[in-house]
Amino acid sequence: MASQKSTSPEMQNFLVQQQAKAQLQQTISRLTDECWAKCIGNPGTCGLLGSHSPSNYMSSKEQACMDNCARRFLESTQFVVKYFQAKANANQHSDF
């Protein structure tokens, strides 16, 4: 019979923190990929907003697009998280 060692509370806390960090990094990566593709396009191309010359700087339209895209992405992510939290809380209360 194999013995099972319980994970210490400190280790559990560390694992939860690491998982949260990984999820945040994944969200930031996804946000960057989606907004970059929408607002900037591929290097050396015109991009979706029509910047015609490659540059080391984003145009004001590209900057505004990136800002708006990031805001919408974060707002929609927060909305979904809150929705599922409320649903989970409602399910917990209905179990009593």
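Residues numbered from 1 in each chain as written. Predicted model: local features only at pLDDT ≥ 70, side-chain atom pairs only at ≥ 80, totals over all residues. Heavy atoms only, no water.

## Overview of the overall build of the protein
Then, in step 1: Per the secondary structure count, the protein includes two helices and zero strands.
Then, in step 2: A total of 96 residues make up the protein; the buried ones form 11% of that total.
Then, in step 3: Expressed as a percentage of contacts within the protein between residues at least 6 apart in sequence, the contacts between residues at least 24 apart total 47%.
Then, in step 4: When the accessible surface of the protein is summed, it comes to about 8400 Å², and 57% of that surface belongs to carbon and sulfur atoms. (Helix = DSSP H or I, 4+ residues; strand = E, 2+ residues; numbered from the N terminus. Buried < 20%, exposed > 50% of the residue type's maximum accessible area, 1.4 Å probe, protein only. Contact = heavy atoms within 4.5 Å. Areas by Shrake-Rupley, 256 points an atom, 1.4 Å probe, with all protein chains shown as cover.)

## As for the packing of helix 1 (residues 9–39) against helix 2 (residues 60–94)
Then, in step 1: Where helix 1 contacts helix 2, the two axes come as close as 9 Å, and the packing angle between them is 140°. In terms of axis orientation, helix 1 runs oblique to helix 2. The element helix 1 and its partner helix 2 pack so that their crossing is right-handed. Contact residues: helix 1 offers Thr 27, Arg 30, Leu 31, Glu 34, Cys 35, Trp 36, Lys 38 and Cys 39, while helix 2 offers Glu 62, Cys 65, Met 66, Cys 69, Ala 70, Arg 72, Phe 73 and Leu 74. (Axes fitted to C-alpha atoms, helices over the stretch in contact; angles between N-to-C directions. Parallel < 35°, antiparallel > 145°, perpendicular 65-115°, else oblique. Left-handed = near helix turned anticlockwise from the far one by under 90°.)

## A few points about the state of the cysteines
Then, in step 1: Tallying each qualifying case throughout the model produces two disulfides.
Then, in step 2: A sulfur-sulfur distance of 2.1 Å marks the disulfide that ties Cys 35 to Cys 69. Note on the Cys 35 and Cys 69 pair: the S-S dihedral is about -90°, so by sign convention the disulfide is left-handed. Note that Cys 35 is positioned in helix 1 and Cys 69 in helix 2, a separation of 34 residues in sequence. Both residues of the pair, Cys 35 and Cys 69, count as buried.
Then, in step 3: The disulfide pattern of the protein is 1-4, 2-3 when the bonded cysteines are numbered in sequence order. (Disulfide = S-S within 2.5 Å.)

## Regarding the pattern of salt bridges
Then, in step 1: If you walk through the whole model with that rule in mind, you get two salt bridges.
Then, in step 2: The partner of Arg 30 in a salt bridge is Glu 34, with the nearest N and O atoms 3.0 Å apart. Pair noted here: Arg 30 and Glu 34 are both in helix 1, with a separation of four residues, about one helical turn.
Then, in step 3: Between Arg 71 and Asp 67 there is a salt bridge; the shortest N-O distance is 3.0 Å. Linking Arg 71 with Asp 67, this pair stays in helix 2, spanning four residues, or about one helical turn. (Salt bridge = Lys/Arg side-chain N within 4 Å of Asp/Glu carboxyl O.)

## Regarding the nonpolar core
Then, in step 1: Membership of the largest hydrophobic core is limited to eight residues, which are Leu 31, Cys 35, Cys 39, Ile 40, Cys 65, Met 66, Cys 69 and Phe 73.
Then, in step 2: Of all the secondary-structure elements, those providing two or more residues to this core are helix 1 and helix 2. (Core = buried A, V, L, I, M, F, W, Y, C linked by side-chain atoms within 4.5 Å.)

## As for the packing of aromatic side chains
By convention here, two paired aromatic rings are described through the distance between centres and the angle between planes.
Then, in step 1: What the rule picks out here adds up to one aromatic pair.
Then, in step 2: Seen from their ring centres, Tyr 83 and Phe 84 are 5.2 Å apart, and the 80° between their planes marks the pair as edge-to-face.
Then, in step 3: Among the residues examined, Tyr 83 registers a relative accessible area of 43% and is labelled partly exposed. (Phe/Tyr/Trp six-rings, centres within 6.5 Å; stacked < 30°, edge-to-face > 60°.)

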